[in-house]
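# Structure assessment
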Amino acid sequence: MPRIKLCLLPMVSIIVFLLALIPPVVLAADEKCLSCHGSEAIAAGGKSHLFIDAKMFTKTGHGPLGCVSCHSTISASHPRDKTRPPRVSCKDCHSDIAAEYGKSNHANFAQCTDCHDVHAVKSLHKLTGRQLNLQCIKCHDSDQMVASHAKWLPKSALHLDAMPCIACHTSSENFMVLLYPRRKGDGGGNLAQELRARLPALGTGNGKMVTLKELKEYRQQVKGLDLELAGVLMPEKMTHNYQTLDNRWDCTFCHSSGTEINQTSYLLLPDDEGEFSQRLPVEKGAILDLLYGAPDFYIMGASRSTAMNIAGLLIVCAGLAVPLVHGALRICTSRRRKHSEADAAAGQPLYFTPLLVRIWHWLNAFAIVTLCLTGLQLRFPDYVNIFGSFRATVKLHDVAGVIVVVSFCLWFIFYLFIGKNLKKIYIPSAEELKAKLFRQIYYYFFEYFRGGQNPHEATPMDKFNPLQKLSYLFTMLVFLPLMIITGLLLLHVDLLREYLSLFGGLRVIIGAHFILACIFMAFLFVHIYLSTMGHSIFAHMRQMWTGWENK
């Protein structure tokens, strides 16, 4: 065996020597070809297809192979022979891709070169989403694509502008996020030089992993300038079957907390020619932290704030604690209240609630409960699935929100202009707050359990005690209008983005909307519980159906 290995050494050395000679030979052949095809003069007379950008070609995947790898049968008298030299077929090298593409719908309408310029082809990892989509809109009209996707995809224009088509139309299971610096406007200048000047460690590409600290430092450096870091979701492996897997139709594929597809990311750096020639790995998970700080960017679930979730949970739990604690004490002291509740049940029935108010109440209640449940699924799509698909939940949430807006307007108009008693019924006077508020609080938390008499005698024109009025004042005239305003701003984000910035950006509006929703949920728990505190559990609820109640 050792002798056999020694015999092979000369042969291996000869092969290595010959391989070392190939690059100079290829380079010499390329120089000869590009001496003509690299000159813009050859493009005259309608022959622009003959011009090859030498700098761009050397950076492509085909560049190291040389011209003769595809054009191997060019005659010695070219171009004097005036014959078009043959070229190899793409499938000679890319047979697996050709087989895959041949089974796709695209194969009947486009050849490889219809999408790929073989003299300017780049790696998938060196292209931005918009550069990729330029190939698609050669055949697919962008307005038609927005319209067709809008039938099922919320904010379709925003999605198609921010993501490459192959983000969904691919069978690749794994994804990554590509970050790349760009200018917001059409300003000129050498972007690579500016990056090197502002942040050398990042701009020059030290060949190491880019950290979250470096990315934040870069954002701080370019704050207020026309530079920004753009991000795009890309498949890690390019496929040519253009298949849309079932999970791509489900928004939770991307819009869920801590998704793995958003954890792997790279930073693309431009060279002096403006080409993204360098790709650096980014610290795992940094992209989520980076997006978390962006005021105008939000991925449902993935960029939600944990601190905000905890605050919302505490608010909801506080509202839920009231019926749980008060209800437990109520059960324990039920014997003391039998006589007072029996006397109230035998009282004279009064007409408290007109029909229009009752219709408004139940329509509004149904819409608000729908908002709470759909909002729960939208906020936590990776944990909650009540209404099936994410996109159906979005539509239902929007419809319920519009109903609440219309309902609130009708309520406000009815009491302010028709009944003209909005102030009397829902806004406590200074005298009521001073003389009756604490008496009412004392009754609910102490006297009620002893069977005491309610200090407020409800009448059709004075239905609510000071504590109820104060609750309705903040809920109906403060919290609900704010929730409606923030909800309307989120109804069409791409159209209202400029207005969102006036209020601190998308993240601030979503955070405020979420906290207001939690406050409203807490109010609902208390409100529903208090509706059971009549002379019977269903006395107040029956009033909202019939309009009558014994007093």
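Residues numbered from 1 in each chain as written. Predicted model: local features only at pLDDT ≥ 70, side-chain atom pairs only at ≥ 80, totals over all residues. Heavy atoms only, no water.

### So, the overall build of the protein
The criterion, for reference: Counting from the N terminus, the helices are the DSSP runs of H or I reaching at least four residues and the strands are the DSSP runs of E reaching at least two. Relative accessible area decides the class of each residue, using a 1.4 Å probe on protein chains only: under 20% of the type maximum gives buried, over 50% gives exposed, and in between gives partly exposed. Residue contacts follow a heavy-atom distance rule, with two residues in contact if any of their heavy atoms lie within 4.5 Å. Each accessible area is a Shrake-Rupley result for a 1.4 Å probe, and residues are judged covered by the shown protein chains and nothing else.
The helix and strand tally for the protein stands at 22 helices and 6 strands. Across the 551 residues of the protein, 35% fall into the buried class. Partitioning the contacts of the protein with sequence separation of at least 6, the portion at a separation of at least 24 is 71%. In the structure as shown, the protein presents an accessible area of about 32300 Å², 65% of it carried by carbon and sulfur atoms.

### Remarks on the sheet that holds strand β1 (residues 175-183)
To keep things clear, this is the line we draw: Two strands are counted as paired when DSSP detects at least two bridges linking them. Helix axes use the C-alpha atoms of the stretch in contact, all axes being lines fitted to C-alpha atoms, and the angles between their N-to-C directions lie in the range 0 to 180 degrees.
Overall, mixed pairing links the 4 strands, which are arranged β2-β1-β3-β4 in an open sheet. A single partner strand is all that each edge strand has here, and the edge strands are β2 (227-235) and β4 (276-282). On average, each strand axis in the sheet is inclined to that of its neighbour by 30°, with strand direction left out of account. In this sheet, strand β3 (residues 265-270) lies alongside β1 in parallel orientation, the contact comprising 3 bridges.

### Some details on the pairing of β1
Among the 9 residues in β1, 8 count as buried, and that is most of the element. Direction of pairing for β1 relative to β2: antiparallel, over a ladder of 9 bridges. Across the sheet, Met 176 pairs through a bridge with Met 234, a residue of β2.

### A look at unusual backbone geometry
One non-glycine residue, Tyr 242, adopts positive backbone phi at about 50°. For Tyr 242, the position within the fold is in the loop between β2 and β3.

### With respect to the packing of helix α14 (residues 355-379) against helix α15 (residues 390-418)
Two numbers describe a pair of packed helices, the interaxial angle and the distance between the axes. This is how it is decided: Between 65 and 115 degrees an angle is taken as roughly perpendicular, under 35 as roughly parallel, over 145 as roughly antiparallel, and anywhere else as oblique. We call a crossing left-handed when the near helix sits turned anticlockwise from the far one by less than a right angle, and right-handed when that turn is clockwise. Gly is placed with the polar residues, together with every amino acid not listed as nonpolar (Ala, Val, Leu, Ile, Met, Phe, Trp, Tyr, Cys and Pro) or charged (Asp, Glu, Lys and Arg).
Relative orientation of the contacting elements α14 and α15 amounts to 150°, with a least axis distance of 8 Å. The angle between the axes of α14 and α15 places the two elements in the roughly antiparallel class. For the element pair α14 and α15, the recorded crossing hand is left-handed. Here the residues of the contact of α14 with α15 sort into 18 nonpolar, 9 polar and no charged.

Scope: geometric values only; no functional claims are made or implied.
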